[in-house]
Amino acid sequence: EKAQGQQYLKPYEEEVIVKYLLQMADLGYPIRMKFIPSLAYSVTRHRPTTERPAKAPGRNWAKALEKRHPILLARRVKALDWNRHEKNIYGKI
């Protein structure tokens, strides 16, 4: 595609990010949207020095990633219900 050269991550790097985000969500630790650009920046640190970007992706990059990969739907994390909490040793206030 024409936009391939303008993308921040290479296709295999983006696939790694997507797999990591899905795995963390399945384990019950979803990554917040605001941390995804810094995660992408750290992935690019493994490139040769000449190919590394100078700074992290922009503010809207995470939303664009979500649009490219619809499987990454942003979900709201709900608090754990007190009835389901196994070690509920504190009384409710």
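Residues numbered from 1 in each chain as written. Predicted model: local features only at pLDDT ≥ 70, side-chain atom pairs only at ≥ 80, totals over all residues. Heavy atoms only, no water.

Points about the overall build of the protein
Each helix and strand counted, the protein has 3 helices and 0 strands in total. Start at the N end of the protein and walk to the C end: the helices and strands fall as α-α-α. Across the 93 residues that make up the protein, the buried fraction comes to 24%. When contacts within the protein are restricted to residue pairs at least 6 apart in sequence, those whose partners lie at least 24 apart make up 55%. Entry remark: accessible area of the protein is about 8,000 Å², with carbon and sulfur atoms responsible for 55%. (Helix = DSSP H or I, 4+ residues; strand = E, 2+ residues; numbered from the N terminus. Buried < 20%, exposed > 50% of the residue type's maximum accessible area, 1.4 Å probe, protein only. Contact = heavy atoms within 4.5 Å. Areas by Shrake-Rupley, 256 points an atom, 1.4 Å probe, with all protein chains shown as cover.)

Things to note about the side chain of Arg47
Inspection of the secondary structure puts Arg47 in the loop between helix H2 (36–44) and helix H3 (61–68). Among the polar contacts listed, one links the side chain of Arg47 to the backbone oxygen of Tyr8, at a separation of 2.9 Å. Within the structure, Arg47 has its side chain in polar contact with the backbone oxygen of Glu51 (distance 3.2 Å). Residues in contact with Arg47, not counting those within four places in the same chain, are Tyr8, Leu9, Lys10, Glu13, Arg52 and Pro53. (Polar contact = N/O pair within 3.5 Å; in protein donor to acceptor, adjacent residues only side chain to side chain.)

Notes on the packing of H2 against H3
Between H2 and H3, whose axes approach to 8 Å, the crossing angle comes to 85 degrees. On the basis of their axis angle, the class for H2 and H3 is roughly perpendicular. On the side of H2, the interface is formed by Ile36, Pro37 and Ala40, while H3 contributes Trp61, Ala62 and Leu65. Each residue belonging to the contact of H2 with H3 can be placed in one class, and the counts come to 6 nonpolar, no polar and no charged. (Axes fitted to C-alpha atoms, helices over the stretch in contact; angles between N-to-C directions. Parallel < 35°, antiparallel > 145°, perpendicular 65-115°, else oblique. Nonpolar A, V, L, I, M, F, W, Y, C, P; charged D, E, K, R; others polar.)

Regarding the packing of helix H1 (residues 11–26) against H2
Where H1 meets H2, the axes come as close as 10 Å, and the angle between the chain directions of the two elements is 135 degrees. As the angle between them shows, H1 and H2 are arranged oblique. The crossing of H1 and H2 is right-handed. Two secondary-structure elements touch here, H1 through Glu13, Ile17, Tyr20 and Leu21 and H2 through Ile36, Leu39, Ala40, Val43 and Thr44. Residues that form the contact of H1 with H2 fall into these classes: 7 nonpolar, 1 polar and 1 charged. (Left-handed = near helix turned anticlockwise from the far one by under 90°.)

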